[in-house]
Amino acid sequence: MVDYAELHAHSAFSFLDGVSSPEQLVTEAVRLGLAGLALTDHDGFHGAARFAEAAEGTGLPTIFGSELTLRGDIDQHLLVLARGQAGYHRLAGAITEAHLSGGAKHEPRYDLDDLAERAGGQWIVLTGCRRGPVRTHLPEGALPTPSDIRAAGLALDDLVERFGSDSVVVELWHRGVPLDDVHNDVLAELARERGLPVVATGNVHYATPAEYHLFTAFAALGSRRSLDDHDGYLPAGPANRMRSPAEMERLFARYPGAITESVRIAHECAFELKRATPHLPSFDLPDGQTVMGHLREIVWEAVPRLYPNAGPAVHDRIERELTVIDELDFPGYFLIVHDIVQFAKSRRILCQGRGSAANSAVCYALGITAVDSIAYDLPFERFLSALRDEPPDIDVDFDTDRREEVIQYVFEKYGRRNAAQVANVITYRPKNAIRDIARAFGHGVDDQNAWSRLAERWRKLDPTEIAEVPDHIVRLANETLTLPRHLGIHSGGMVLTEQPVGEVVPIEHARMPGRTVLQWDKDDCAYMGLVKFDLLGLGMLGAINQVFVEIETRFGEVFDLGSVPREEPAVYDAMCRADVIGVFQIESRAQMGLLPRLRPRRFYDLVVQIAMVRPGPIQGGSVHPFVRRRTGQEPIVYDHPKLIPVLERTMGVPIFQEQLMQMAMAVGGLSGADADVIRRSIGSKRGIERLATIRDKLFAGMAANGITGAAADKIFGTLEARLHNTRDMELHNALAQVGEIAR
């Protein structure tokens, strides 16, 4: 059986020119037994990380390329494949420069001379699709004339002159229309005359024939026409699907070597994308100082001020944290966050670290958080552990009105090529899916709006509930759900790198002035090991800052978040009366309903209460048992004596994520690495599947502790109840129970 690699494939990240996810393309390529697959989306690597992740463990070689849009009187497409990692970095950098020089979103500006120089022999250029620089000279609706063939030959000569004869390959593809063979014959002859290789591709725009109709709708949207008006430009059937090696061999039998050339190119170009991961930027250090040494110096200088009577326990805790940071090689990360926070404080921009960073005494010493994790006995492992091969995640809130100053400081300090914001992939939802598909079928704005109003915001469309909408529109609209519609900006995530990050993933302009954004979202960055810094905006910090300024003006007293009294009785009295309108985090109906019942009298009581009104504890059935135990309506019991140290602080009810991990380690004998699977499962779309990977080990460990049968099932059910297959459904179900909690 002949081998074949697909070297020209578009995913849904070609935005209206492809309809399959990268994962679907990989799945189909593996099913067909392809010897390699290239992802060649338009003007970027938007889907590259997902493509690489999906291919892991499948044995499918991955090739990375892009179809570059050359602007002119008539736009042309230049298909480029990267020769391994070196070619990938060069291509990503070229795309970045084109986007940044374009001056606006979606307006990259390429220069062929510049591209040829940047290639450095590390790219393979295919002649491409019907809008490629060579094939564009062969008319679609008539036999090519000698003049057309001569123009195509000159265009091919131009590519060879710029990129070199060893880097240009003539591409042949077949759409099932009469002129395909004529055009391929012309191109094959042009290649033979110049001693260039030919390669067959599927010019793939969808993985399977079933996606053909959605592709036609997207093509109509992309051309700003209805399907009726665009019909003449579309292939008659699903010719742009992925094909098997046997089918490709049959289609291109008249062109010797066209199939085997695809495998040769795949072997030359394929590489694992994770090898392209860059390092954090270097940090300016005092002479003779190391990064870790500088971090230690800053932390220990703060200890006498924060812990004037520090005993061995404090020193041991801080030293243990520093050791973990050193072992994981993340001191630079902490110094960068410290530098950003210090800049904000120097400008009197109120800021505060949030989330699991509050579990770190080092973050407290660096001024990143104002929570004393040692005093509150917060486990550092919830934030960072030597057992987890992943970077720390420190979210820092800034006064919303002044956050832009901080973001621009980061851009200025590290440069536009080494710093960029993380993208947010905006996917199709039912309402905009119906609107777009209806427009593709030629329906007017009134129909689009009327039908979209019938759809739920999050749920899959049910034809029986929206009978007014034509069935074919509902069917295609459902197929779009979860596909990318466009890119937005993450609420505050930024990536900083030592090597220009634009050589790892292209950077482009955002709609917002002064912002530049990566083509990857936070999950893509996490997979690739790109460390994300979250600089978030919080309006309440602005309000608090105004209060601090007013107090200083009137009374001469200076406060910051770290010096505000924590246990003021009058404040707790107001909370117990639910007099909290306008108080951040506890002004919701559910929180106000709980306050008079739980009657918080210390800060940790608030920590528990706020943590309870979240999808996880609600879905896991933790809220009502805790309320009953707190109010004395139910005795405090534990499923096993080994769970007492883990759950004692929350009256035998698991509330926090780290408690779930500690439960599995205490009664199931799991290692820290195994227990971390639970943490990663929470909130993940594949959470149930991930938890299943440790199920047998957990039950075996419980059996060793004498926990079997219904008792073991109950503990495992407690863990499983905190997971859900989709975040949207979890949130939907959780919010539906808020009213019951408030009562």
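This paragraph deals with the packing of helix H13 (residues 331-346) against helix H15 (residues 403-414). One can describe the packing of H13 onto H15 by two numbers: an axis separation of 10 Å at closest approach and a directional angle of 130°. Judged by the inter-axis angle, H13 sits oblique to H15. Between H13 and H15 lies a crossing of right-handed hand. Here Ile-336, Asp-339, Ile-340, Phe-343 and Ala-344 of H13 come into contact with H15, specifically with Glu-405, Val-406, Tyr-409, Val-410, Lys-413 and Tyr-414.

This part is about the pattern of salt bridges. Taken as a whole, this structure holds 40 salt bridges when the rule is applied. Taking the shortest distance from any N to any O, the salt bridge between Arg-241 and Glu-247 comes out at 2.6 Å. Residue classification places Glu-247 among the buried positions, given a relative accessible area of 19%. For the salt bridge of Arg-554 with Glu-550, the shortest nitrogen-to-oxygen distance reads 2.7 Å. Highlighted residues: Arg-554 and Glu-550, both in helix H20 (residues 539-555), separated by four residues, approximately one helical turn. Sharing partners across several salt bridges, the network here consists of Arg-83, Glu-261, Arg-264 and Glu-268.

To continue, consider the sheet that holds strand E5 (residues 168-172). Spatial strand order, E1-E2-E3-E4-E5-E6: six strands in an open sheet with mixed pairing. Of all the strands in the sheet, the pair left with one neighbour each is strand E1 (37-39) and strand E6 (198-200). Ignoring strand direction, the axes of neighbouring strands in this sheet form an average angle of 35°. The sheet contacts of helix H3 (residues 84-102) involve strand E2 (62-70), strand E3 (76-82) and strand E4 (123-126), and relative to E2 the element is tilted by about 25°.

Our next topic: the packing of aromatic side chains. In total, this model carries 18 aromatic pairs according to the counting rule given. Relative to Tyr-88, the ring of Phe-64 lies with its centre 5.8 Å away and its plane at 80°, an arrangement referred to as edge-to-face. Separated by 24 residues along the polypeptide, Phe-64 in strand E2 and Tyr-88 in helix H3 bring together distant segments of the chain. Ring centres of Phe-343 and Tyr-409 lie 4.0 Å apart, and the angle between their planes is 5°; on these two criteria the pair is classed as stacked. Placement of Phe-343 in helix H13 and of Tyr-409 in helix H15 is noted, with a sequence separation of 66 residues between them. Each residue in the set Phe-45, Phe-51, Phe-64, Tyr-88 and Phe-271 is aromatic and connected to the rest through ring pairs, giving one cluster. Between Lys-413 and the ring centre of Tyr-414, over which it is positioned, the NZ or CZ distance is 5.9 Å. Residue placement shows Arg-695 over the ring face of Phe-716; its charged tip is 5.2 Å from the ring centre.

With that settled, the discussion passes to the side chain of Asp-43. The topology assignment puts Asp-43 in the loop between E1 and helix H2 (48-55). Despite its burial, Asp-43 pairs with no opposite charge; the closest candidate is Arg-71, at 5.3 Å N-O. Engagement of the side chain of Asp-43 in a polar contact is seen with the side chain of Thr-69, the distance being 2.7 Å.

The next point concerns the packing of helix H11 (residues 291-306) against helix H12 (residues 312-327). At a minimum axis distance of 11 Å, the contact between H11 and H12 shows a crossing angle of 160°. On the basis of the axis angle, H11 is roughly antiparallel to H12. H11 and H12 meet at a crossing whose hand is right-handed. For the pair H11 and H12, the contacting residues are Met-292, Leu-295, Arg-296, Val-299, Trp-300 and Val-303 in the first and His-315, Ile-318, Glu-319, Leu-322, Thr-323, Ile-325 and Asp-326 in the second. Looking at the contact of H11 with H12 residue by residue, the classes come out as eight nonpolar, two polar and three charged.

So, how was this worked out
Residues numbered from 1 in each chain as written. Predicted model: local features only at pLDDT ≥ 70, side-chain atom pairs only at ≥ 80, totals over all residues. Heavy atoms only, no water. Axes fitted to C-alpha atoms, helices over the stretch in contact; angles between N-to-C directions. Helix = DSSP H or I, 4+ residues; strand = E, 2+ residues; numbered from the N terminus. Parallel < 35°, antiparallel > 145°, perpendicular 65-115°, else oblique. Left-handed = near helix turned anticlockwise from the far one by under 90°. Contact = heavy atoms within 4.5 Å. Salt bridge = Lys/Arg side-chain N within 4 Å of Asp/Glu carboxyl O. Buried < 20%, exposed > 50% of the residue type's maximum accessible area, 1.4 Å probe, protein only. Pairing = 2+ DSSP bridges. Phe/Tyr/Trp six-rings, centres within 6.5 Å; stacked < 30°, edge-to-face > 60°. Lys NZ or Arg CZ within 6 Å of the ring centre and 35° of its normal. Lys, Arg positive; Asp, Glu negative; His and termini not counted. Polar contact = N/O pair within 3.5 Å; in protein donor to acceptor, adjacent residues only side chain to side chain. Nonpolar A, V, L, I, M, F, W, Y, C, P; charged D, E, K, R; others polar.

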